[in-house]
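Spelled out, the chains give:
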Amino acid sequence: MDESDVSSSDGLDLVVNEINDVSHKDSITFEILHVVKEGQSQHGLKHGDYHRYRQYCSRRLRRIRRSLNYVQSSGKTRPTYQQKVVTNQLVNEATKSKKDPIRYLMIPLFCAERSWSHAMQLKQEANTEPRKKFHLIRKYKKAVKYAQSLQTICNSSPTKCDARTRLESTAYASYLTGLFHFETEQWLKANEYLKKSQTIYEKLFHAIADEEVAVHYRQRCDEIKPTLRYCAFNIGDQNIETQDLTKMQTEANEVDDQLLANKLDQLILQTREKQSATLSEIQWLGKTIAVKQEKIRSFLLLMQDLTPTSMTRVSQFEKLIFECRDCVQLLRETNQEKTLLYNYLSYLRLDLTVGRNLQLIKTLKSSSDMIRPFETIIGSLSEIKSLPLDQYYSSSDSVDEFNQQIESKVTAFKAFRCYHIGNVNKNSWKESVALLHRSAQYCETALKDKNTPKEMVSELTQLKAKAESEKFTIYANNLMKEDVSQTKVNTNNIPPLISRLDTYYEDTELVAGSSTLAPFPPQFQAIPCKPLFFDLALNHIAFPSLEAEKANPKNSGITGFVKGWLGGWRK
């Protein structure tokens, strides 16, 4: 199948239809994009680490060549480099030598991926070192060479590759070729090859039944879209305006192409400068405001091109807020703080702050996290209401209507704030019920007001119903808790089981094992003291005198002496 056949829609449809047919028993299927995406997601590209992915490709190539005994060196003592190119004949004869032909196809694929990852690494470094741009172009050219080699192997006849493999190889080679021409700013060629790649991937997405594999084709199509739109703008398509460029920038940020996003930033800025020459005045509340500063013209032109559907990220609001602050500071430096243009820019800054917090609330789930953004919204709307507009407008009808619209928004957002504070403050249930009741009142007031925005009517209706239901739920739950606490107090009055063995009581806690069997600690009882006997008579006894015995000793003379001496032996 030639490359020209694939580019035509009829030939492409025929080849796609072959995918669902029964293929030849010797044909092979090589899911190129699936292999590439799996390797990229597991080896660094989730975090933009192209150096790690390049190292993985080198290691994978070394393992494949060793397993096939197809290394590019000869000799043992002093090995020398000897290039070995994968050919169609080698792939066809792989089965005869009992080797996997798909592993031969992986060699040019990972060679192309290694060169592409090196080029992407150099692209990141080229922001600070411009000379590396020449190196990355050479690496892109090398990646294209390997990708075209893979395409030639898969599409040359005779081939064992099935229709799906041939299509994927063509789409992969066209994609890398288109990126190469995009880097060299050859917009026509880049547009041609990228469209060809996108067409093939879209056809494969609809033809493949496996969702896990088909999702990779959809991702690749989404990656190609912003690049194609940028090429179309540089070719000279006059239908692309600033709003389309902003959409392209959002798509580039979603696919994490930082270089394309930076290019789009510069292009948007240049387009605004060209269009701002025609913007000399604006209308606000029925009055014309002259705009002389070029920077303010560019900012106001951007605000005119924006739509609510295009502002879907918090970072977009923050960028606009910073630009608006710069415009306000520009007027301060020129002592124009009392002009109507200054008040208009202040209104835009506060309105963008409201939009930024509303977008932030959509990403939050906890009521405690939503309280602060709603307070900021109410504060910003109060600042808008306090702007001194009466001194600029002779007829105050438009100003009064404007202030009434702001007041109705404040009432609506107060309802949301009270509701979330009431959800957080459920421990003190009386305060929570009061806050939810106040939220329902604010909702009712806002719904009766004709100045309430139509897009908030349904949200306020749902909020009122939720506040009423949660208010009664909290009230009922706490009444049940009080009843339970009262029943616990009554059960505490039941005497212990040991003292009511002959009396029946309805004790529900007896089965649960938490009933009182006996009082603990036990109560003290009075018992008689043990008697003590003291010998008090000894002090009143008179013993006989021994003076008579001392005067007449019985043992006297030699007999007594000898007797006493002999008696000492017995002692």
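Parameters and conventions
Residues numbered from 1 in each chain as written. Predicted model: local features only at pLDDT ≥ 70, side-chain atom pairs only at ≥ 80, totals over all residues. Heavy atoms only, no water. UniProt positions renumbered as here; feature names shortened; annotations may be inferred. Phe/Tyr/Trp six-rings, centres within 6.5 Å; stacked < 30°, edge-to-face > 60°. Helix = DSSP H or I, 4+ residues; strand = E, 2+ residues; numbered from the N terminus. Buried < 20%, exposed > 50% of the residue type's maximum accessible area, 1.4 Å probe, protein only. Expected span 1.5 Å × (residues − 1). Arc of directions from axis to C-beta. Pairing = 2+ DSSP bridges. Patch = residues over 30% accessible without salt bridge, like charges linked within 9 Å, V, L, I, M, F, W, Y side chains within 5 Å. Areas by Shrake-Rupley, 256 points an atom, 1.4 Å probe, with all protein chains shown as cover. Salt bridge = Lys/Arg side-chain N within 4 Å of Asp/Glu carboxyl O.

In the nomenclature of an unreviewed UniProt entry, the protein chain corresponds to Signal recognition particle subunit SRP68 from the organism Medioppia subpectinata. Turning to the protein chain, the UniProt record has this under Function (unreviewed entry): "Component of the signal recognition particle (SRP) complex, a ribonucleoprotein complex that mediates the cotranslational targeting of secretory and membrane proteins to the endoplasmic reticulum (ER). The SRP complex interacts with the signal sequence in nascent secretory and membrane proteins and directs them to the membrane of the ER." Looking at the protein chain in UniProt, the text filed under Sequence similarities (unreviewed entry) is "Belongs to the SRP68 family."

Q: What am I meant to see in the packing of aromatic side chains here?
A: Geometrically, a pair of aromatic rings is defined through the distance of the ring centres and the angle of the planes. Following the criterion strictly, the structure yields 16 aromatic pairs and no others. When the ring of Trp 187 is compared with that of Tyr 230, the centres are 5.6 Å apart and the planes differ by 75°; the resulting orientation is edge-to-face. Of this pair, Trp 187 sits in helix H9 (residues 187–207) while Tyr 230 sits in helix H10 (residues 211–235), and the two are 43 residues apart along the sequence. Across the pair, exposure class does not vary: Trp 187 and Tyr 230 are buried alike. Here Trp 284 and Tyr 344 contribute two aromatic rings whose centre-to-centre distance is 5.1 Å and whose plane-to-plane angle is 55°, an arrangement assigned as tilted.

Q: Please explain helix H14 (residues 314–333) as it appears in this structure.
A: The α-helix winds at 3.6 residues per turn, so residues separated by three or four positions along the chain end up facing the same way. Here H14 contains 20 residues, and its C-alpha end-to-end distance of 29 Å stays within 8% of the 28 Å for a straight helix at 1.5 Å per residue. Where H14 is concerned, the buried positions are Val 314, Gln 316, Phe 317, Leu 320, Ile 321, Cys 324, Cys 327, Val 328 and Leu 331. Projection of H14 onto a plane perpendicular to its axis shows the buried side chains occupying an angular sector of 150°, all on one side. Trailing H14 by a residue or two, Asn 335 shows a phi angle of about 55°, which is positive.

Q: Would you mind going over the pairing of strand E3 (residues 281–284) with me for this structure?
A: Sheet faces and side chains relate simply in a regular strand, where the side chains alternate between the two faces. Burial of E3 is one-sided: the residues Ile 282 and Trp 284 facing one way are buried, the residues Glu 281 and Gln 283 facing the other way are not. Where E3 lies against strand E4 (residues 287–290), four bridges are found, and the strand directions are antiparallel. From the neighbouring strand, Ile 282 faces E4, where its bridge partner is Ile 289. Count of turn residues in the E3/E4 antiparallel hairpin: two residues, of which Leu 285 carries a positive phi of about 55°.

Q: Hey, could you run me through a nonpolar patch on the surface in this one?
A: Residues Leu 532, Phe 534 and Leu 536 make up a contiguous nonpolar surface patch of roughly 410 Å² in combined accessible area. Mapped onto the fold, Leu 532 is located in the loop between helix H19 (457–492) and helix H20 (547–551).

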